[in-house]
Each structure stands twice: as C-alpha cells, then as structure tokens.
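# Report on the structure
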Amino acid sequence: MLNDLQVKSAKPKTKPYKLADQLGLHLVVYPHGSKLWQMRYRFDGKERTASLGKYPDVTMSKARDKRDLMRKQLADNTDPVAAQQLDKMAKKIAKEQSFEAVANAWYDSWSPARSQRHAAYVKRRLEADVFPVIGTRPITAIKAPELVRMVKKIEKRGALDIAKRAYETTGQIFRY
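Residues numbered from 1 in each chain as written. Predicted model: local features only at pLDDT ≥ 70, side-chain atom pairs only at ≥ 80, totals over all residues. Heavy atoms only, no water.

The next subject is the pattern of salt bridges. By the definition in use, this model includes twelve salt bridges. The closest approach of N and O atoms between Glu47 and Arg42, which form a salt bridge, is 3.7 Å. Overall, the relative accessible area of 54% leaves Arg42 in the exposed class. Between Glu155 and Lys152 there is a salt bridge, and its shortest N-O distance comes to 3.9 Å. In this pair, Glu155 and Lys152 are both assigned in helix 6 (residues 144–156), three residues apart and thus about one turn of the helix distant. Among the residues examined, Glu155 registers a relative accessible area of 31% and is labelled partly exposed. (Salt bridge = Lys/Arg side-chain N within 4 Å of Asp/Glu carboxyl O. Buried < 20%, exposed > 50% of the residue type's maximum accessible area, 1.4 Å probe, protein only. Helix = DSSP H or I, 4+ residues; strand = E, 2+ residues; numbered from the N terminus.)

Structure, rendered in structure tokens:
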C-alpha cells in the first residue's frame, strides 16, 4: 500500500513505471515527470485499465474513492469505463438541450419574421436577464418556481415591463 510520501517522491525514469497501491490501483510515473492514477480490472473476461486522473489533481484518497466506486460498479456487473462514457454522453446531450441552446434555436426560427431592431432587443433581453439565471440548465429540468424567481429578480430592478416580456418569451421558448 502506497503512502503520500512515496507518491510525492516518485522520480521519473527513462521508461514509465508503476507504483502499486492495492486492489488494482496503481500510479504510473512517466519519463517527463507526470503521474497518473490508473486501475486495472477484469470485465467479461478481459483485462482493462481505467484512468482515474493526474496526480496531484487527484489525490491518493480521491483515487482510492474512485477505485472503490468502480469496484462497486463491477460488483453490480457494470463496466465502469462504459458507465463513465455513458455519463459523459448524457451530460453532453443535457448541455445540447440546455435552455440557452433551445432558446437560440427558437430565436433562429422566430427572428426572420420580425424586424431586426425588435429581434435584437429580444436577444439582448434573453442574454441580460434570462440566460444568466437558467441558461445552462437542461430545459426539461427547469421548474415553474425558477421562472418565478427569475421574473421577481427583474421586477426588483423596477423593470416591470421587461419582467413581463421575459416571462412571455420564456413561455414561447418552452412551447417551441
């Protein structure tokens, strides 16, 4: 089992080498000096290696926590790397379906029928008041209380008309 001193004092050699911890976890020390946590495991009869992150960004305790999580996934007959890739893909899809992304698609289809001045005004209102509050959230995860909070924040500035218009515009985007 490795300790913090061994990990910190590991010096690069001419070829990459491994410092074993336990239960498949090891630290690879590369010739250029970087250190990478990896875990070896078997799934469906094949040996695989998963990268857990660079040291010191991922400390030894974090690497052990990740290893333990991966071992739980293996016990549930789930390939940890495949699960990680699915999670990454789900996050990417959620980002593509963020309120801001949907709003931009709505704007592209809505704006040609409007005057340039009016369309630019609506876009500025979205960028100034709506996107900072709910723009990064997946559109399917946004609930009514969040919209009310956003509108109340605009109303506190004394911009009652802008608050009403922002609310109406977000409604159009949700219907889109």
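Back to the write-up after that little detour.
Quick look at the confidence of the model for the protein now. Confidence in the prediction of the protein, expressed as mean pLDDT, is 93, and 100% of residues score 70 or more. Here helix 3 (residues 80–96) stands out as the element of the protein with the lowest mean pLDDT, 86, in contrast to strand 2 (residues 25–29), whose mean of 96 is the highest. (pLDDT = per-residue confidence, 0-100.)

Counted according to the given criterion, the structure contains five aromatic pairs. For the ring pair Phe99 and Phe131, a centre distance of 6.4 Å and an interplane angle of 70° mean the geometry is edge-to-face. Taken as a pair, Phe99 in helix 4 (residues 99–110) and Phe131 in helix 5 (residues 116–134) lie far apart in primary sequence, 32 residues in all. Accessibility assignment for this pair places Phe99 and Phe131 in one class, buried. Look at Tyr107 and Trp110: their rings are 6.2 Å apart centre to centre, the planes differ by 40°, and that puts the pair in the tilted class. You can see Tyr107 and its partner Trp110 sitting in helix 4, three residues apart, about one turn around the helix. Comparing Tyr107 with Trp110, the two get one shared label, buried. In textbook terms, an aromatic cluster arises when at least three aromatic residues are bridged by ring pairs, as seen for Phe99, Phe131 and Phe174. Of note, Lys13 hangs over the ring of Tyr17, and the distance from its end group to the ring centre comes to 4.4 Å. (Phe/Tyr/Trp six-rings, centres within 6.5 Å; stacked < 30°, edge-to-face > 60°. Lys NZ or Arg CZ within 6 Å of the ring centre and 35° of its normal.)

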